[in-house]
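Descriptive structure summary
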Amino acid sequence: MTDERLNQVIKMITDSILTPIIYMMEGDAYVEFICFCDSQVTFEELYVLGEKVSEYIDMPAEILDIREYDLYSRIDVISNAEMIYAQDPIVSQIFAEAIFEDYRKDLQEKINMLNRKHESGTYYIQ
């Protein structure tokens, strides 16, 4: 995709939905644009926007809300996808730090559960 087309897609997305950040993941025959959407945005709006983007770039495209991803998929997105838009560089750093903080909390919860199993013989609190 050319820079001109990509810039137009970014404009299409940011004009239609409120998002401080957009990631792009390209497959062989499709493109995913992953946003952190405003809670007022519906799946239908994302679908319609995805159809418009698909038509413009002449390739199947989806507009996705990262809030619908599980923790490990979010980490995959921020680690492997290309960030194509950030409202502010600080926003992208805060976003990444928040996801990794969620990861640290999840990891600590698992460690606590394993310690509980080791100490009491069960994963559950008795």
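Look above for the structure.
Quick caveat, the model's predicted, so the values are computed rather than measured.

Take the overall build of the chain next. Along the chain, the regular secondary structure elements total four helices and four strands. Reading the secondary structure of the chain in the N-to-C direction produces α-β-β-α-β-α-β-α. At 18 Å, the chain has a C-alpha radius of gyration far larger than the 14 Å of a compact globule built from 126 residues. By its C-alpha atoms, the chain is 60 × 30 × 30 Å across when sized along the principal axes. Here the chain holds 126 residues, and the buried ones make up 33% of them. Residue pairs in contact within the chain that sit at least 24 positions apart in sequence constitute 61% of those at least 6 positions apart. In the form shown here, the chain has an accessible surface area of approximately 8500 Å², with 50% of it arising from carbon and sulfur atoms. Distance between charge centres in the chain, computed from 10 positive and 25 negative side chains, equals 9 Å.

In a beta sheet, neighbouring strands pair by backbone hydrogen bonds and run either parallel or antiparallel. Spatial strand order, E3-E2-E1-E4: four strands in an open sheet with mixed pairing. Both outer strands of the open sheet, strand E3 (61-65) and strand E4 (82-86), are each paired with one neighbouring strand and no more. In this sheet, neighbouring strand axes are inclined to one another by 25 degrees on average, regardless of whether the strands run parallel or antiparallel. Of the pairings in the sheet, the one linking strand E2 (residues 31-35) to E3 comprises five bridges and is parallel in character. Residue pairing for E3: glutamate 32 is matched across the bridge by glutamate 62. Along the sheet, helix H2 (residues 43-57) makes contact with E2 and E3, crossing E3 at roughly 145 degrees. Lying on the sheet, helix H3 (residues 71-80) is in contact with strand E1 (21-26), E2 and E4; it crosses E1 at an angle near 85 degrees.

Each value, and the rule that gives it
- Residues numbered from 1 in each chain as written.
- Predicted model: local features only at pLDDT ≥ 70, side-chain atom pairs only at ≥ 80, totals over all residues.
- Heavy atoms only, no water.
- Helix = DSSP H or I, 4+ residues; strand = E, 2+ residues; numbered from the N terminus.
- Rg over C-alpha atoms; globule rule 2.2 N^0.38 Å.
- Buried < 20%, exposed > 50% of the residue type's maximum accessible area, 1.4 Å probe, protein only.
- Contact = heavy atoms within 4.5 Å.
- Areas by Shrake-Rupley, 256 points an atom, 1.4 Å probe, with all protein chains shown as cover.
- Lys, Arg positive; Asp, Glu negative; His and termini not counted.
- Charge placed at Lys NZ, Arg CZ, Asp CG, Glu CD.
- Pairing = 2+ DSSP bridges.
- Axes fitted to C-alpha atoms, helices over the stretch in contact; angles between N-to-C directions.

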